[in-house]
Amino acid sequence: MTVAGGAPTAPAAITPEKLRIYGLGGALVGIYLAAVLNSVLGTDIFSILAAAGAVAAAVTGANAVRRVCGYGIGTGVPSIGMLALGMGIVGASFGLSTAQQLGVSMAGVIIALVYAMVFGYIVGAIANRVMGFNIPIMEEGLTDLSGAGAMAIIGWSYAISGSLGYADMVTKVFNTGYLAIVFICGGLAILHPFNANLGPDEKQDRTLVNGLMVGSLAVVAVGLCSLATLSTTAAIITIVIGAAAWYYFYVWYYRLVKRDAAAVVGTGLLPPSAL
Amino acid sequence: MNFDALTIVYILEIIVGGLLVGVGVHFVPVGGAPAAMAQATGIGTGTVQLAAGSGLTGLLAAGLMMSVTDNIWPILASGAVGAMIMIDATMMTGGWIYAYAVGAPFASAKVNYDPITGYSQPPYVAPGTVGQGIPTVCYVSGTIGAFMGGLGGALIYYPLMMTNHNPSLSALFAIGIFLVNAVLASWNIQGTIEGFHDPKFKRWPKAFRSCLVATLILALVAVTITGGA
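Residues numbered from 1 in each chain as written. Chains lettered and ligands numbered in written order. Predicted model: local features only at pLDDT ≥ 70, side-chain atom pairs only at ≥ 80, totals over all residues. Heavy atoms only, no water.

Topic: the overall build of chain A
Part 1 of the reasoning: If you tally the helices and strands in chain A, you get nine helices and zero strands.
Part 2 of the reasoning: Listing each helix as α and each strand as β along chain A from the N terminus yields α-α-α-α-α-α-α-α-α.
Part 3 of the reasoning: Computed over the C-alpha atoms, the radius of gyration of chain A is 20 Å, within 12% of the 19 Å expected from 2.2 N^0.38 for a compact globule of 275 residues.
Part 4 of the reasoning: Taking the principal axes of its C-alpha atoms as reference, chain A extends roughly 75 × 50 × 35 Å.
Part 5 of the reasoning: Relative to its full complement of 275 residues, chain A shows a buried share of 55%.
Part 6 of the reasoning: Restricting the contact set of chain A to residue pairs at least 6 apart, pairs at least 24 apart contribute 73%.
Part 7 of the reasoning: Accessible area for chain A stands at about 11,400 Å²; split by element, carbon and sulfur atoms hold 69% of it.
Part 8 of the reasoning: Of the side-chain charges in chain A, 11 are positive and 10 negative, and the distance between the mean point of each set is 6 Å. (Helix = DSSP H or I, 4+ residues; strand = E, 2+ residues; numbered from the N terminus. Rg over C-alpha atoms; globule rule 2.2 N^0.38 Å. Buried < 20%, exposed > 50% of the residue type's maximum accessible area, 1.4 Å probe, protein only. Contact = heavy atoms within 4.5 Å. Areas by Shrake-Rupley, 256 points an atom, 1.4 Å probe, with all protein chains shown as cover. Lys, Arg positive; Asp, Glu negative; His and termini not counted. Charge placed at Lys NZ, Arg CZ, Asp CG, Glu CD.)

Shown next, in the form of structure tokens:
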């Protein structure tokens, strides 16, 4: 591409409000669509929709990480990603467990999202008021982050278990230990984008496309796990779509990296005298 | 789910566990990237990673003990000892690398005299750095921190196990509570700390208050979670 004759056009920033609706709303739509289609049609091949919803949630989380960490939190970016998943896992298991006890399994996702977001807000308030961070968007950022963590865990767990029932989730995702894979891959999708792109030339679109890329890799990992729990067709659909999405976003990300990189000028090999 | 006296005891145990983790993190010497480059004292990684590492080792040890007995004391003891072994092994091998590979002397620039041995520190500190390696006091402090972290982790794991009877669920949930407290504490430290002799250590009451509120909210929901089926 040519950038001569003026700066490259600055990418239009996506506002946090929009990303929250797309990400958390998209995750809800993806998970419920997968649950409804799977149960109505008596199949499990739509589990990929929940995994895609989880990717959308992870992108919201990645945006929250870049907003909060842009202020500098003094401990490195990975800590906030681990916090997101720590809050998310508590929210996710609380939501699904409570829903089962109340006899409304389908409401579990919403309970988890609400609890996670409330808890995230409280942790953000603690960070500002008690720790004295004074980051104006801390509450908002951690609310998004906590909700995104819970949605990512539920979405990817659904892609493994193929059911929103808490008992199925426990047998297929918790007891098998696949939740650890969801935890690490999901954590990476949330914390890695800003960690890899931070710096004075950090651009929102490049960071978020990186998030989509890492999230797609998580979908592949989840698909591999689901080989053991779902039908082979469903698992292969998840793996193939995840891999295709990874390739697509990888190429896109590479294009953005080239756009933002400083010019690389070939100077030839060093002269023999310099070696 | 009815909140009887036993449930309240479980909630209290989780809260105490969370507070032990939050305060214990302050004892563990971490230096992040500067320590990795031998420019600062401490283990060359982030607080959360170290705390998580020692906590997970403690959880594994506690879980193993819990598969044999339901008595709380050996479970807590094995959790604490497991975490201590992990941190001590990390610091010892880290010390070998500093001494024999990097060639850095063990010295701290934060104090003039080592509080334990009484040795003078400034002559051994390389100019422009804040000390290198892990002096004796960091080692002792780290061991105390790991003891508290492992004890806290086991104290979170035990009541969860007693309420939901599912080891994997309890372990993952305990990791979640553990990470929240470790991150809050490391935000309080903001980067590097050498241990109880570090001036930043005086900030622990802030982390105590924060972890108290956060763990209380987590503990209230944690005891309502069933083990499935």
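Remarks on the interface of chain B and chain A
Part 1 of the reasoning: In this assembly, 36 residues from chain B lie in contact with 35 residues from chain A.
Part 2 of the reasoning: Carbon and sulfur atoms make up 75% of the area that chain B and chain A hide from each other, which totals about 2,900 Å².
Part 3 of the reasoning: Interface area lost by chain B to chain A is led by Leu172(B), Trp187(B) and Ile217(B), which between them contribute 24%.
Part 4 of the reasoning: Linking chain B to chain A there are zero salt bridges. (Buried area = accessible area lost by both parts, 1.4 Å probe. Salt bridge = Lys/Arg side-chain N within 4 Å of Asp/Glu carboxyl O.)

A word on the environment of Asp168(A)
Residue and element names in this part refer to chain A.
Part 1 of the reasoning: If you trace the backbone, Asp 168 turns up in helix 6 (residues 166-174).
Part 2 of the reasoning: When the C-alpha atoms of Asp 168 and Tyr 158 are compared, they prove to be 9.5 Å apart, with ten residues separating the residues in sequence.
Part 3 of the reasoning: There is a polar contact of 2.8 Å between the side chain of Asp 168 and the side chain of Ser 163. (Polar contact = N/O pair within 3.5 Å; in protein donor to acceptor, adjacent residues only side chain to side chain.)

As for the side chain of Thr229(A)
Part 1 of the reasoning: Along the chain, Thr229(A) falls in the loop between helix 8 (204-226) and helix 9 (232-260).
Part 2 of the reasoning: A polar contact of 2.6 Å, which involves the side chain of Thr229(A), links it to the backbone oxygen of Ile160(A).

Digging into the confidence of the model for chain B
Residue and element names in this part refer to chain B.
Part 1 of the reasoning: With 98% of its residues at a pLDDT of 70 or more, chain B has an overall mean of 84.
Part 2 of the reasoning: Summarising per-element confidence for chain B, the mean pLDDT is lowest in helix 2 (residues 32-36) (75) and highest in helix 1 (residues 5-24) (90).
Part 3 of the reasoning: Among the prediction metrics, the complex's ipTM stands at 0.83, with pTM recorded as 0.86. (pLDDT = per-residue confidence, 0-100.)

Quick notes on a nonpolar patch on the surface
Residues and elements named next belong to chain A.
Part 1 of the reasoning: Where nonpolar side chains cluster on the molecular surface, the patch consists of Val 36, Val 40, Leu 41 and Met 106 and spans about 370 Å² of accessible area.
Part 2 of the reasoning: If you trace the backbone, Met 106 turns up in the loop between helix 3 (77-102) and helix 4 (108-129).
Part 3 of the reasoning: The class for Met 106 is partly exposed, based on a relative accessible area of 39%. (Patch = residues over 30% accessible without salt bridge, like charges linked within 9 Å, V, L, I, M, F, W, Y side chains within 5 Å.)

Some remarks on the nonpolar core
Part 1 of the reasoning: Within the largest apolar cluster, 121 residues are counted, with the highest numbers of intra-cluster contacts made by Ile80(A), Phe119(A), Leu142(A), Met151(A), Trp156(A) and Trp187(B).
Part 2 of the reasoning: Beyond its immediate chain neighbours, meaning those up to four positions away, Met151(A) contacts Leu24(A), Ala27(A), Leu28(A), Ile31(A), Ala54(A), Ala57(A), Val109(A) and Leu113(A).
Part 3 of the reasoning: Of all hydrophobic cores here, the second largest spans 21 residues; its members include Ala51(B), Ile87(B), Tyr98(B) and Ala185(B). (Core = buried A, V, L, I, M, F, W, Y, C linked by side-chain atoms within 4.5 Å.)

Notes on the pattern of salt bridges
All names here are of chain A.
Part 1 of the reasoning: Tallying each qualifying case throughout the model produces nine salt bridges over all chains.
Part 2 of the reasoning: With its nearest N and O atoms 3.6 Å apart, the salt bridge here joins Asp 201 to Arg 206.
Part 3 of the reasoning: Among the residues examined, Asp 201 registers a relative accessible area of 36% and is labelled partly exposed.
Part 4 of the reasoning: Look at Arg 206 and you get buried, because its relative accessible area is 7%.
Part 5 of the reasoning: Here the salt bridges share partners, and the residues they tie into one network are Asp 201, Lys 203, Asp 205, Arg 206, Arg 259 and Asp 260.

Side note on the packing of helix 3 of chain A against helix 5 (residues 138-161) of chain A
In a pair of packed helices, the angle between the axes and the distance between the axes together describe the arrangement.
Residues and elements named next belong to chain A.
Part 1 of the reasoning: Packing of helix 3 against helix 5 brings their axes to within 7 Å, and their N-to-C directions diverge by 60 degrees. Classified by the angle their axes make, helix 3 and helix 5 are oblique. Of the two possible hands of crossing, helix 3 and helix 5 adopt the one that is right-handed. Here helix 3 contributes Ile 80, Leu 83, Ala 84, Leu 85, Met 87, Gly 88, Ile 89 and Ala 92 to the contact with helix 5, which in turn contributes Leu 142, Leu 145, Ser 146, Gly 149, Ala 150, Ile 153 and Ile 154. (Axes fitted to C-alpha atoms, helices over the stretch in contact; angles between N-to-C directions. Parallel < 35°, antiparallel > 145°, perpendicular 65-115°, else oblique. Left-handed = near helix turned anticlockwise from the far one by under 90°.)

Section: the packing of aromatic side chains
Part 1 of the reasoning: Tallied over the entire structure, the rule returns ten aromatic pairs over all chains.
Part 2 of the reasoning: Summarising the aromatic geometry, the rings of Tyr248(A) and Phe249(A) are spaced 5.4 Å apart at their centres and angled 70 degrees between planes, so their arrangement reads as edge-to-face.
Part 3 of the reasoning: For Phe249(A), a relative accessible area of 15% translates into the label buried.
Part 4 of the reasoning: A centroid spacing of 4.9 Å and a plane angle of 65 degrees characterise the contact between Phe27(B) and Phe201(B), whose relative ring orientation is edge-to-face. Of this pair, Phe27(B) sits in the loop between helix 1 and helix 2 while Phe201(B) sits in the loop between helix 6 (167-189) and helix 7 (204-222), and the two are 174 residues apart along the sequence. (Phe/Tyr/Trp six-rings, centres within 6.5 Å; stacked < 30°, edge-to-face > 60°.)

Overview of unusual backbone geometry
Part 1 of the reasoning: Even without a glycine there, the phi angle at Asn134(A) is positive, about 55 degrees.
Part 2 of the reasoning: Structurally, the position occupied by Asn134(A) is in the loop between helix 4 and helix 5.
Part 3 of the reasoning: Of note in this structure, His165(B) is not a glycine but carries a positive phi near 55 degrees.
Part 4 of the reasoning: Position of His165(B) relative to the elements: it lies in the loop between helix 5 (136-164) and helix 6.
Part 5 of the reasoning: Looking at His165(B), the relative accessible area reads 59%, which means it is exposed.

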